[in-house]
Amino acid sequence: MSLKSQTATTTVASSQQLSAITPHVSSDRLLNDFIPPRHFDDARFSTYRANPTYPSQQTTLDRLTAVAKTLNTSNTGWKTRFRMTTKKAPAIYMDGGFGVGKTHLLASLAHEVGLERTAYGTFVEYTNLVGALGFATTVDALSQKTLVCIDEFELDDPGDTVLMSRLLRELADRGIALAATSNTLPDSLGEGRFAAEDFLREIQAMAQRFEVLRVDGEDYRRRSVPKTMPGLDDETLAEKTRNLDISGTRTLDTFDEVLEHLKHVHPSRYGAMLDGIGLVAFTHVHPLNDQSTGLRFVVLVDRLYDRDVPVLLGGSGLDGLFSDDMLKGGYRKKYYRALSRLGSLAQTGRTLVNEPVQ
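First, a word on scope: everything that follows refers to the structure included in this document. (Residues numbered from 1 in each chain as written. Predicted model: local features only at pLDDT ≥ 70, side-chain atom pairs only at ≥ 80, totals over all residues. Heavy atoms only, no water.)

1. Notes on the pattern of salt bridges
Opposite charge on two side chains allows them to pair when their charged atoms are near.
Phase 1 of the analysis: Scanning all chains against the criterion turns up 14 salt bridges.
Phase 2 of the analysis: Taking the shortest distance from any N to any O, the salt bridge between Asp275 and Arg29 comes out at 3.0 Å. Here Arg29 lies in helix H1 (residues 27–32) and Asp275 lies in the loop between helix H11 (270–273) and strand E9 (277–283), a separation of 246 residues in the sequence.
Phase 3 of the analysis: Overall, the relative accessible area of 4% leaves Arg29 in the buried class.
Phase 4 of the analysis: Between Lys240 and Glu355 there is a salt bridge; the shortest N-O distance is 3.8 Å. In this pair, Lys240 is assigned in helix H9 (residues 234–243) and Glu355 in the segment after helix H14 (332–352), connecting sequence segments 115 residues apart.
Phase 5 of the analysis: With relative accessibility at 24%, the residue Glu355 sits in the partly exposed group. (Salt bridge = Lys/Arg side-chain N within 4 Å of Asp/Glu carboxyl O. Helix = DSSP H or I, 4+ residues; strand = E, 2+ residues; numbered from the N terminus. Buried < 20%, exposed > 50% of the residue type's maximum accessible area, 1.4 Å probe, protein only.)

Next comes the structure, spelled out in structure tokens:
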């Protein structure tokens, strides 16, 4: 049974609205959710196809295979071994462009070491976990693992920089192996986002803990995932949602209802909101201009994407969803990722209701 199959206690209104779902999630459930996303359940080293045109892919695969062997052969007393000798636990940093298979490799490493012995989450999920449980509790819980995997490692503000730097130091000092992915080299993290030299020093110190592996290649996901898409007619969307025959619960809300609800649910619990949900539909979608609102919605999109939940968009749809200022600012990577992921989920949703993208 998947660890993520555990169900949170929720309050769900009979109207099947996402905005009426209030998860009450135990700390055990929060921690057990730190496993690879559902669509990487089958990711293994043996299923990664290194492109011979880009030798760094095979080099990275070989190195991660060796890391897994090290961690698995040192299963007994490995923490003491790394703490009591000059030998440090592995710390791997995979850098490269979008769609070259870094997440596949990271998930494969987690599966090879074992999900019971690994914590796997995105950078944002770890910062949210600290917010939900507290720093000391988070460190103690993650220290029970052999390996901590951090996907999409980015630094968006000074507070996150200090928090993650301290978390990594604590874990490394306790002999925990680390593995991360990013689209930016470690020494460049944070550039263009804030100008405080003190935090640059923190980033540089953090970067020195990692062995950097460059993963070159072309985006294997080169497909027509639109980042713009007009919304469906709101009345048509509502009718099709109510009549759709799928497994799982269908939710139907106005966009503003969900945005308001997200203010009152901790982001670490957004995933639990989606337990048993088979499709999410938003009517009256409109452009966003507020940074805090946009970032909360990005987290929801990430959790929808992790769980492969189709989406239907009414109103203005994807068109102009994030303002020009947001797409040019320090969080632009998050917003562009959200547009790509939401576009993919919306394509699936429109296919389910026989409304293909024109």
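After presenting the structure, the write-up continues.
2. As for the pairing of strand E5 (residues 147–151)
Phase 1 of the analysis: Within E5, five of the five residues are buried, leaving the element largely enclosed by the surrounding structure.
Phase 2 of the analysis: Strand direction decides the pairing type here: strand E4 (residues 118–122) and E5, joined by five bridges, are parallel. If you follow Ala119 over to E5, its bridge partner there is Val148.
Phase 3 of the analysis: Here E5 pairs with strand E6 (residues 177–182) via four bridges, running parallel. Bridge pairing in E6 links Ile150 to Ala180. (Pairing = 2+ DSSP bridges.)

In short, geometric facts, not functional conclusions.
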